[in-house]
Amino acid sequence: MPDRHLDPRLLRSFLAVAEELHFTRAAARLYVAQQALSRDVRRLERELGAELFIRTTRQVALTPDGERLVPYVRRALQAQDDLLAAFGQARALLVDLNSPGLRTPSRVLERARELAPEHELMARYESGLTGAAADLIAGRLDASFGRFAGLDPALRAGLDHQPVRFEPMAILLPEDHPLAEMERVPLAALAGESVYAGAGNARTPEWTDLAHRLFEGRGIEVAAPAPLAVGDEEFQRIMAKTRTPVLVVIDFPAMPRTVVRPLIDPVPLSPVSLVWRKGLVHPAFDALRRAVVELTAEEGWLHRPPEGWTPAMDSATMRPRN
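Not measured: the values here are computed from a predicted model.

Caption draft 1: Quick peek at the overall build of the protein. Within the protein, the secondary structure is distributed over 10 helices and 13 strands. If one aligns the C-alpha atoms of the protein with their principal axes, the spans along those axes are about 75 × 45 × 35 Å. When each of the 322 residues of the protein is scored for burial, the buried share is 45%. Considering only intrachain contacts with a sequence separation of at least 6, the fraction spanning at least 24 residues in the protein is 75%. Surface accessibility of the protein: about 16500 Å² in total, with carbon and sulfur atoms responsible for 52%. Positive and negative side-chain charges of the protein, numbering 40 and 43 respectively, have mean locations separated by a distance of 5 Å.

Rendered as structure tokens:
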């Protein structure tokens, strides 16, 4: 007889509907789309060979088989929660936020901590998804943020991701730069400029590649590698010395004697995903993913404005996932 396995996600979907007797409320409780929840329930019914709910336009009710299944599912899920707590509570969930002050990953982590106050979620700041990928795959890191499509395919094969935001991009300028007088900087105004985008930084080639794709055909050069500055003071010192504009995201933290100006015509969008190694199991990880679902819905982070630009290669990876 072949081995049979029931995905715990299907059991959680069933139990939420069984307790709510309402698909919309159950989907909101699980932070998933209603269509995805319905698919999970239908799949469980197929795998068990039993109808679990009677659905009408007005109500949802358990069948006798559904009522019989409820206590078994509760015991199975409690056993799984106990197991995960026993092995996951011993360590914190380690999340790389790339750089201090970047609001998108920081807000996701803050929300996850609110959702799971009983677990420890620790931040680190190493900068760059490529730099984090090896640690993710090796299990030295649990999650990071960045442009998933920009990773080498060999790295992507061992990782999974969830789209978080199309983050508007901007330009960081010395406060006395001629373009600093503009409230918003058209890309065409950067023609002839050399813009720093992390060239030579082995931890961030996905960002440099994004800059090359954005600047191509617009007369903008990616600046040559600069000394890798660690910490705000060194970054400010190198920038003051080179006076090179820097490609950043709109929420880049303010620094003395500089200004951040949004880019327009078109509005370039940095595709940000939450990234983790395939097969990751940790009791706090669900909270991290739920935080993404909540914030993308509340803030409209995955809405692409009509004038928005992203590379074609990123389109498939940034489709919202149920």
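Caption draft 2: A look at the pairing of strand β6 (residues 159-174). A large share of β6 lies buried, amounting to 14 of its 16 residues. With nine bridges joining them, β6 and strand β12 (residues 267-277) adopt antiparallel strand pairing. The partner of P168 across the bridge, within β12, is L269. Two elements, β6 and strand β10 (residues 246-249), share four bridges in a ladder whose sense is antiparallel. If you follow A170 over to β10, its bridge partner there is V248.

Caption draft 3: Quick peek at the packing of helix α2 (residues 23-30) against helix α3 (residues 34-48). Running from N to C, α2 and α3 cross one another at 100°; their axes reach a closest spacing of 9 Å. Taken together, α2 and α3 sit at an angle that is classed as roughly perpendicular. Residue-level contacts link F23, T24, A26, A27 and L30 of α2 to Q34, L37, S38 and V41 of α3. Looking at the contact of α2 with α3 residue by residue, the classes come out as six nonpolar, three polar and no charged.

Caption draft 4: Layout of the pattern of salt bridges. All chains considered together, the criterion is met by 22 salt bridges. One salt bridge connects D7 with R9, and the closest N-O pair in it is separated by 3.3 Å. The partner of E114 in a salt bridge is R111, and the shortest N-O contact between them spans 3.6 Å. Highlighted residues: E114 and R111, both in helix α5 (residues 103-115), separated by three residues, approximately one helical turn. Connected via shared salt-bridge partners are D96, R124, D135 and R140.

Caption draft 5: Fine view of the packing of aromatic side chains. Taken as a whole, this structure holds three aromatic pairs when the rule is applied. Taking 6.2 Å as the distance between ring centres and 70° as the angle between the ring planes, the aromatic pair formed by F23 and F53 counts as edge-to-face. With F23 in helix α2 and F53 in strand β1 (residues 53-55), the pair connects residues that are 30 residues apart, well separated along the chain. By the burial criterion, F23 is buried, and F53 matches it. Note on W276 and F285: the rings are 5.0 Å apart at their centroids and 65° apart in plane angle, and the pair reads as edge-to-face. For the pair W276 and F285, a shared accessibility class is recorded, and that class is buried. Ring pairs connect the aromatic residues F14, F23 and F53, which therefore count as one cluster. Here the basic side chain of R75 rests over the ring of Y72, its NZ or CZ set 5.0 Å away from the ring centre. Between the NZ or CZ atom of R304 and the centre of the ring of F166, over which it lies, the distance is 5.4 Å.

Caption draft 6: Up close: the nonpolar core. Core analysis: the biggest nonpolar cluster contains 24 residues, and I171, L190, W207, L214, F215, L247 and L263 have the highest contact counts within it. Among the elements of the structure, β6, α8 (205-215), β10 and β11 (258-264) are those that each provide at least two residues to this core. Per element, the largest residue contribution to this core is five residues, and it comes from α8. Dropping the residues within four chain positions of it, I171 is found in contact with V185, L190, V195, P245, V246, L247, V248, V259, V260, R261 and L263. Membership of the second largest hydrophobic core comes to 23 residues, among which are F145, A287, A291 and W301.

Caption draft 7: Seen up close, the environment of H22. Secondary-structure assignment places H22 in the loop between α1 (8-20) and α2. For H22, a relative accessible area of 30% translates into the label partly exposed. In terms of polar contacts, H22 uses its side chain to reach the backbone amide nitrogen of R25, at 3.2 Å.

Caption draft 8: Structural view of α1. With 13 residues, α1 should reach 18 Å at 1.5 Å per residue; the first-to-last C-alpha distance of 18 Å fits that figure. Considered for burial, the residues of α1 that qualify are L10, L11, S13, F14, L15, A16, V17 and A18. At the exit of α1 stands L21, carrying a positive phi of roughly 50°.

Conventions and cut-offs
- Residues numbered from 1 in each chain as written.
- Predicted model: local features only at pLDDT ≥ 70, side-chain atom pairs only at ≥ 80, totals over all residues.
- Heavy atoms only, no water.
- Helix = DSSP H or I, 4+ residues; strand = E, 2+ residues; numbered from the N terminus.
- Buried < 20%, exposed > 50% of the residue type's maximum accessible area, 1.4 Å probe, protein only.
- Contact = heavy atoms within 4.5 Å.
- Areas by Shrake-Rupley, 256 points an atom, 1.4 Å probe, with all protein chains shown as cover.
- Lys, Arg positive; Asp, Glu negative; His and termini not counted.
- Charge placed at Lys NZ, Arg CZ, Asp CG, Glu CD.
- Pairing = 2+ DSSP bridges.
- Axes fitted to C-alpha atoms, helices over the stretch in contact; angles between N-to-C directions.
- Parallel < 35°, antiparallel > 145°, perpendicular 65-115°, else oblique.
- Nonpolar A, V, L, I, M, F, W, Y, C, P; charged D, E, K, R; others polar.
- Salt bridge = Lys/Arg side-chain N within 4 Å of Asp/Glu carboxyl O.
- Phe/Tyr/Trp six-rings, centres within 6.5 Å; stacked < 30°, edge-to-face > 60°.
- Lys NZ or Arg CZ within 6 Å of the ring centre and 35° of its normal.
- Core = buried A, V, L, I, M, F, W, Y, C linked by side-chain atoms within 4.5 Å.
- Polar contact = N/O pair within 3.5 Å; in protein donor to acceptor, adjacent residues only side chain to side chain.
- Expected span 1.5 Å × (residues − 1).

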